[in-house]
Amino acid sequence: MDATAAQRHEVLVLGAGYAGLSAAIQLAARTRKRGNLQVTLVNPYDTFTERLRLHMTATGQDTAEMRLPELLDGTGAAFVRGWVTAVDAEAKTVRIDDDRVLRYDTLVYGLGSIADTVTVPGVDDHAYTLNSPEDAVILADRLARLDGETVVVCGSGLTGIEAAAEIAEQHPELRVVLLGRQEPGARMHPKAKAYLDAALARLGVRVRSGVEVVKVPPDGVELADGSSVPAGAVLWTSGTRVSPLAAAAGLTTDERGRVVTDSALRSVYHPDIYAVGDAAAIRQGYGVMHGTCQGGMPTGVHAALSILRVLAGKEPRPFRFGYYHTPVSLGRNDAVVQFTRPDDSPRRIVLTGKRAAKYKETVTAAPWPTFARMKRMPVSGAFWPHGGRHTRIRSVK
């Protein structure tokens, strides 16, 4: 190893979701001319997963493909394809596919979350998920082979609502049932919720709230009240879980396995590890942030800028974030957008119909040009492509 390589600071970014990719691009683009810092992004796939469009993939619709090497092109960041199988926080190493070891000086942990398929018996064996494009394609194939059967969507959160609406619109020959503990849009303003309810009814989605799924056999779901709902396919969107790697590495995690961070997004007791996106338990004045693409990119950018401040001998600034909106697709030409206060509580302002659908598409497509801009210029401003409010961050000189 030459002297230059020995003195180079190695930053390893785990996970190329909205948060991890933002961290890698922002950090690498700012330091590509320095030569004393190397950024490496690790991800199991070489394409970027647009989680906001997976319900479209699940109904057989084509979506654009973004290749990670192309997104990183020109930044100086390296890309490693592989599954992270272990993190050694003491040795500062990460094991990839059980046969490769990468070392780091600073780690950005952004492995995200997936649907919780282990808590309820039968889910892992018999239900479909939207964890990845591959999972969505498998569901699309199944839906295309059904003939007038019932599709049960478990989980009345945003993912469940969008999936149920998309399936009902694209497959009018199927019966779609949306099950959940709460009513869809329960946190919305009454005006937004009324529009959401009417749209689901128009699409023929049967909603059953106040129910709990306790088992998923091969031919439907079983509920806590003893009843069952027969189905030709079950889509599971109820609850999420994160990778156990952080806890196994000895990092402090919350009850859901998310990395507990300080105000600068550093893992408590491990200041050389930053946690971003869904993998992090980030506390704000209103409570712990919930997993959302809206907050993912700001956490990634903030982690990148914090790393640069530390390397420059400065203290990182606290992360501050407030929610701005909740856009919900209701098929291809309909949507409802609930604007929110920073703590995610609903405001009276609501956008519906085609205007809302156009708004949602703008939000969904925003990361593409944003990633391109990140490669050319520092991020500034108080608003982000997915709508979150964030404190203004100045360049690190």
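Structure: above.
What counts, and where the lines are drawn
- Residues numbered from 1 in each chain as written.
- Predicted model: local features only at pLDDT ≥ 70, side-chain atom pairs only at ≥ 80, totals over all residues.
- Heavy atoms only, no water.
- Helix = DSSP H or I, 4+ residues; strand = E, 2+ residues; numbered from the N terminus.
- Rg over C-alpha atoms; globule rule 2.2 N^0.38 Å.
- Buried < 20%, exposed > 50% of the residue type's maximum accessible area, 1.4 Å probe, protein only.
- Contact = heavy atoms within 4.5 Å.
- Areas by Shrake-Rupley, 256 points an atom, 1.4 Å probe, with all protein chains shown as cover.
- Lys, Arg positive; Asp, Glu negative; His and termini not counted.
- Charge placed at Lys NZ, Arg CZ, Asp CG, Glu CD.
- Salt bridge = Lys/Arg side-chain N within 4 Å of Asp/Glu carboxyl O.
- Pairing = 2+ DSSP bridges.
- Axes fitted to C-alpha atoms, helices over the stretch in contact; angles between N-to-C directions.
- Left-handed = near helix turned anticlockwise from the far one by under 90°.
- Right-handed = clockwise from strand over helix to strand, strands pointing away.
- Core = buried A, V, L, I, M, F, W, Y, C linked by side-chain atoms within 4.5 Å.
- Phe/Tyr/Trp six-rings, centres within 6.5 Å; stacked < 30°, edge-to-face > 60°.

Another point: the overall build of the protein. Helices and strands together make up the secondary structure of the protein, namely 12 helices and 29 strands. A compact globule built from 397 residues should have a C-alpha radius of gyration of about 21 Å, and the protein, at 21 Å, falls within 12% of that. Its C-alpha atoms put the protein at 70 × 45 × 35 Å along the principal axes. Relative to its full complement of 397 residues, the protein shows a buried share of 56%. A sequence separation of at least 24 residues applies to 64% of the contacts in the protein between residues at least 6 apart. Carbon and sulfur atoms make up 50% of the accessible area of the protein, which totals about 17600 Å². Computing the positive centroid from 48 side-chain charges and the negative centroid from 42, the protein places the two 11 Å apart.

Close approach of charged atoms allows side chains of opposite charge to pair. For the coordinates displayed, the defined rule picks out 18 salt bridges. Note that aspartate 105 and arginine 103 form a salt bridge whose closest N and O atoms lie 2.8 Å from each other. You can call arginine 103 partly exposed: its relative accessible area is 45%. A salt bridge links arginine 181 to glutamate 212, with the nearest nitrogen and oxygen atoms 3.7 Å apart. With arginine 181 in the loop between strand S12 (175-180) and helix H8 (190-202) and glutamate 212 in the loop between strand S13 (206-209) and strand S14 (213-215), the pair connects residues that are 31 residues apart, well separated along the chain. For arginine 181, a relative accessible area of 58% corresponds to the exposed category. For glutamate 212, a relative accessible area of 38% gives the class partly exposed. Within this structure, Asp46, Arg67 and Arg81 form a network of salt bridges that share partners.

What follows deals with the sheet that holds strand S26 (residues 325-329). Whenever strands of a sheet pair, they do so through backbone hydrogen bonds, lying parallel or antiparallel. Spatially, the 3 strands line up as an open sheet ordered S26-S27-S28, and their pairing is antiparallel. One side of each edge strand has no neighbouring strand; the edge strands of this open sheet are S26 and strand S28 (346-352). Across the sheet, the mean angle separating the axes of adjacent strands is 15° when strand polarity is ignored. Together, strand S27 (335-340) and S28 form the strand contacts of H8, whose direction differs from that of S27 by roughly 165°.

With their axes 7 Å apart at the nearest point, helix H2 (residues 18-31) and helix H10 (residues 293-311) run at an angle of 35° to one another. As for how H2 packs across H10, the hand of that crossing is right-handed. Here Tyr18, Ala19, Ser22, Ala23, Gln26, Leu27, Arg30 and Thr31 of H2 come into contact with H10, specifically with Cys293, Gly296, Met297, Thr299, Gly300, Val301, Ala304, Leu305, Ile307 and Leu308.

It is worth spelling out the pairing of strand S11 (residues 150-154) at this point. Of all 5 residues making up S11, 5 are buried, and the element is well covered by its neighbours. Residues Thr150, Val152 and Cys154 of S11 are buried on one face, and the alternating residues Val151 and Val153, pointing to the opposite face, are buried as well. One ladder, built from 5 bridges, connects S11 with S12; its direction is parallel. Paired with valine 153 across the strands is leucine 178, a residue of S12. Handedness of the crossover joining S11 and S12 through helix H7 (residues 158-170) is recorded here as right-handed.

With that settled, consider the environment of threonine 85. Inspection of the secondary structure puts threonine 85 in strand S6 (residues 84-88). Separated by 11 residues in the primary sequence, threonine 85 and isoleucine 96 place their C-alpha atoms 5.7 Å from one another. Once you skip the residues sitting within four places of it in the chain, threonine 85 turns out to touch Arg95, Ile96, Asp97, Asp98 and Leu245.

Counting residues in hydrophobic clusters, the biggest one holds 61 residues, and the most contacted among them are Leu14, Leu21, Val39 and Val94. When residues no more than four places from it in sequence are discounted, the contact partners of valine 39 are Val11, Val13, Ala24, Leu27, Ala28, Gly76, Ala77 and Ala78. Core analysis: the second largest hydrophobic core is formed by 32 residues, Leu130, Leu139, Ile167 and Leu330 among them.

What characterises a pair of aromatic rings is the spacing of the ring centres plus the angle enclosed by the ring planes. All told, the structure shown has 8 aromatic pairs when counted by the stated rule. With centroids separated by 6.3 Å and ring planes inclined at 5°, the aromatic side chains of phenylalanine 319 and phenylalanine 321 adopt a geometry described as stacked. Ring geometry for phenylalanine 321 and tyrosine 323: centres 5.1 Å apart, planes at 85°, overall edge-to-face. Classification of phenylalanine 321 by relative accessible area gives buried; the value is 5%.

A few words now on unusual backbone geometry. One non-glycine residue, aspartate 97, lies in the positive phi region at around 55°. One can find aspartate 97 in the loop between strand S7 (93-96) and strand S8 (100-103). Phi at tyrosine 269 takes a positive value of approximately 75°, unusual for a residue other than glycine. Mapped onto the elements, tyrosine 269 comes out in the loop between strand S20 (266-267) and strand S21 (270-275). With a relative accessible area of 73%, tyrosine 269 lands in the exposed category.

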